Structures are given as structure tokens and as C-alpha cells.
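# Secondary and tertiary structure notes
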Amino acid sequence: SIQALGVAQHLGKVTGVDSSDQSIDVRLVRTNIAHKEWTVETDSNTKFTKNNQQIEFGDIKVDDIIRVRGVSNRQTKTVKASIVHILTLGNSAE
């Protein structure tokens with residue numbers, strides 16, 4: 001099923017960044033969801049933030065902890081992101 005904000009309440013640790021298709025692989029942390037590996041799809045409308053500042057896709061690195069807002073598809077384990085927020089060390093999930 002497709003659900004708005006399905007993964008938005010969850011935090012993900014970045015496990016891979018693909019600049020060719022602007023996608024981010026994440027592993028959910030602090031969650032009861034059984035399937036923890038998801039792909040975050042971004043496009044030219046996706047906003048990226050860190051410390052209340054706008055950043056670029058290229059600023060996202062493996063091991064960053066992110067929170068995503070968007071529309072999730074539980075069957076394909078993807079999220080079409082409208083906002084990707086990088087949490088700073090003080091807010092780390094692990």
C-alpha cells in the first residue's frame with residue numbers, strides 16, 4: 001500500500017548514496033518495522049536541510065542519520081522524499 005508519511009516518523013542511518021539517480025539507501029533505527037532497509041528517492045523538488053540550513057544532495061554521507069518526509073510504498077520499500085533532514089550529532093539515534 002502507498003501511505004503518506006509512512007517512514008517520516010522514523011530515523012534512518014544512511015548506508016549508501018547514489019548520485020546518478022539521486023537516491024539514498026537507509027536502514028531504519030529505533031523502530032518496530034520488520035523491514036528496515038529502504039530506499040529514499042529524491043528529485044529536483046526535494047529539500048535537504050541540516051541545522052535549519054538548506055543543503056544539497058551531495059552533502060549527504062554514509063552513516064548520517066536522517067529523517068525523511070514523503071510518501072512511502074511498503075511493497076517496494078521506497079520513499080519519495082519531499083524533505084530530507086540530516087540530524088546533527090547531538091540528536092543521533094544510536
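Structure first, text after, so check above.
What comes next is a walk through the structure.

Parameters at a glance
Note that residues are indexed from 1 along each chain, following the sequence as it is written. Only residues with pLDDT of at least 70 get local features here, since the model is predicted, and only at 80 or more are side-chain atom pairs given and counted; chain-wide, interface and lining totals rely on the full set of residues. To get the side-chain values, all heavy atoms of the structure are used, and hydrogens and water are removed first. In DSSP terms, a helix is any run of H or I states spanning at least four residues, a strand is any run of E spanning at least two, and both are numbered starting from the N terminus. The rule is simple: take the accessible area with a 1.4 Å probe, protein chains only, and divide by the maximum for that residue type; under 20% is buried, over 50% is exposed, in between is partly exposed. The Shrake-Rupley method, run with a 1.4 Å probe, gives the accessible areas here. Residue values count only the displayed protein chains as cover. Stacked, tilted and edge-to-face pairs are distinguished by plane angle, under 30 degrees for stacked and over 60 for edge-to-face with tilted covering the rest, among Phe, Tyr and Trp rings (Trp via its six-membered ring) whose centres lie within 6.5 Å. We call a set of buried residues a nonpolar core when its members are Ala, Val, Leu, Ile, Met, Phe, Trp, Tyr or Cys and they connect through side-chain atoms within 4.5 Å of each other. Between two residues, a contact is recorded if the distance between any of their heavy atoms is within 4.5 Å. When a carboxyl oxygen of Asp or Glu is within 4 Å of a side-chain nitrogen of Lys or Arg, the pair counts as a salt bridge.

## What about the overall build of the protein chain?
Counting its regular elements, the protein chain contains 0 helices and 8 strands. Along the protein chain, helices and strands appear, N-terminal first, in the series β-β-β-β-β-β-β-β. Taken over 94 residues, the protein chain has a buried fraction of 38%. If you sum the accessible surface of the protein chain, you get close to 5,700 Å²; carbon and sulfur atoms cover 45% of it.

## Points about unusual backbone geometry
Positive phi, normally seen in glycine, also occurs at Gln-22, with a value near 55 degrees. Note on placement: Gln-22 falls in the loop between β2 (11–18) and β3 (23–29). The class of Gln-22 is partly exposed, set by a relative accessible area of 29%.

## Describing the packing of aromatic side chains
What the rule picks out here adds up to 1 aromatic pair. Judged by centre distance (5.9 Å) and plane angle (75 degrees), the rings of Phe-48 and Phe-57 are edge-to-face.

## Section: the nonpolar core
Residues Ile-24, Val-26, Val-40, Ile-60, Ile-66, Val-68 and Val-84 are the most contacted members of the largest nonpolar core, which totals 16 residues. Those elements giving two or more residues to this core turn out to be β3, β4 (37–41), β7 (65–73) and β8 (78–86). Not counting the four nearest positions on each side in its chain, Val-26 is found in contact with Gly-12, Lys-13, Val-14, Thr-15, Lys-36, Glu-37, Trp-38, Val-40 and Ile-66.

## Describing the pattern of salt bridges
Counted under the stated rule, the structure contains 2 salt bridges. Of the charged contacts in the structure, one is a salt bridge between Glu-37 and Arg-27, with a shortest N-O distance of 2.4 Å. In this pair, Glu-37 sits in strand β4 while Arg-27 sits in strand β3, placing the two residues 10 residues apart along the sequence. Residue classification places Glu-37 among the partly exposed residues on the basis of a relative accessible area of 37%. Salt-bridge contacts for Glu-41 lead to Lys-80; the nearest nitrogen and oxygen are separated by 2.8 Å. Placement of Glu-41 in strand β4 and of Lys-80 in strand β8 is noted, with a sequence separation of 39 residues between them.

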